[in-house]
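Notes for the structure review
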Amino acid sequence: MRVCGVELKGSEAIISLVGYDQGAFQVPDCRQRLFAVSQSEDTEVIRQFQFAFKKLLEDYHVDAVVILRREQKGKFAGSATSFKLEAAIQLIGLPVSVLATAQIKEQFKAAPPSTDFSGLELKKFQQPAFNAAYAFLNMKTS
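Quick caveat, the model's predicted, so the values are computed rather than measured. (Residues numbered from 1 in each chain as written. Predicted model: local features only at pLDDT ≥ 70, side-chain atom pairs only at ≥ 80, totals over all residues. Heavy atoms only, no water.)

What follows covers the pairing of strand β5 (residues 64-68). Where burial is concerned, most of β5 is hidden: five out of the five residues are buried. Residues Ala64, Val66 and Leu68 line one face of β5 and the alternating positions Val65 and Ile67 line the opposite face, and both faces are buried. Alignment of strand β1 (residues 2-9) against β5, held across four bridges, turns out to be parallel. Residue pairing for β5: Val6 is matched across the bridge by Ile67. Relative to strand β6 (residues 96-99), β5 is paired through four bridges, and the arrangement is parallel. What sits directly across from Ile67, in β6, is Val98. On the question of chirality, the crossover connecting β5 to the parallel β6 by way of helix α2 (residues 80-90) is right-handed. (Buried < 20%, exposed > 50% of the residue type's maximum accessible area, 1.4 Å probe, protein only. Helix = DSSP H or I, 4+ residues; strand = E, 2+ residues; numbered from the N terminus. Pairing = 2+ DSSP bridges. Right-handed = clockwise from strand over helix to strand, strands pointing away.)

Once that is clear, we can look at the pattern of salt bridges. Working definition: two side chains of opposite charge can pair if their charged atoms are close together. Scanning the entire structure with this criterion turns up three salt bridges. Between Arg31 and Asp59 there is a salt bridge whose closest N-O contact spans 2.9 Å. Taken as a pair, Arg31 in the loop between β3 (24-26) and β4 (34-36) and Asp59 in helix α1 (residues 43-59) lie far apart in primary sequence, 28 residues in all. The exposure class assigned to Asp59 is partly exposed, which follows from its relative accessible area of 31%. For Asp59, the salt bridge goes to Lys55, with nearest N and O atoms at 3.0 Å. Linking Asp59 with Lys55, this pair stays in helix α1, spanning four residues, or about one helical turn. (Salt bridge = Lys/Arg side-chain N within 4 Å of Asp/Glu carboxyl O.)

Take helix α4 (residues 127-141) next. Along its 15 residues, α4 runs 21 Å from first to last C-alpha, staying within 8% of the 21 Å computed at 1.5 Å per residue. Buried residues of α4: Ala129, Phe130, Asn131, Ala132, Ala133, Tyr134, Ala135, Phe136, Leu137 and Asn138, and no others. Against the buried residues of α4 lie β1, β2 (12-21), β3, β5, β6 and α3 (101-110). (Expected span 1.5 Å × (residues − 1). Contact = heavy atoms within 4.5 Å.)

Moving on to the packing of α1 against α2. One can describe the packing of α1 onto α2 by two numbers: an axis separation of 9 Å at closest approach and a directional angle of 50°. The angle between α1 and α2 falls in the class oblique. As for the relative orientation of α1 and α2, their crossing is right-handed in sense. Residues Ile46, Phe49, Gln50 and Phe53 of α1 pack against Lys84, Leu85, Ala88 and Ile89 of α2. (Axes fitted to C-alpha atoms, helices over the stretch in contact; angles between N-to-C directions. Parallel < 35°, antiparallel > 145°, perpendicular 65-115°, else oblique. Left-handed = near helix turned anticlockwise from the far one by under 90°.)

Moving on, we come to the side chain of Gln126. Among the structural elements, Gln126 can be located in the loop between α3 and α4. Judged by relative accessible area, which is 3%, Gln126 ranks as buried. Residues contacting Gln126, with those up to four places away along its chain left out, are Ile14, Ile15, Ser16, Arg33 and Phe117.

Here is the structure:
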C-alpha cells in the first residue's frame, strides 16, 4: 500500500509518499515535493492543481491520501486557499482521510519509525506530511 501524506500550508500542498510492503515502510523517490497555487480565486488554477496532483498519484500508484487536519477558525486557522486545495484533493476519486495532530502523535508513541527522519531522502519541510502518511499506514497495518 502506498499513501501520499499532505500538509496544506497557505497556498501550498506539501507532500510525502510512504509505502508499506512485506512488513517494511518505504519512502519512494518522488518528482515533486510541493504544489504551489497562486490566484486561488481562479477556477482554472484550481483545476490545474487538481489535474497535476491526480497525475502524480496515478504515476506513483498511490492508494490513499491523508491530509494533516487544520483548524477551521481561530488564531491557527487554515487559509481559504488550503481548504480549496483540500476539496480539490478530496474530489480526485481516491480515499482521503484527515488526521489530527493528536492521532499522529499517538501512532508515533505506539510504533515509532525504525529510522530517524534525517536518514530519509526528504526535506525538513516535508516532515509533517511524512508523519501523517506514516501514522495512517501504521493505523492500517496494526
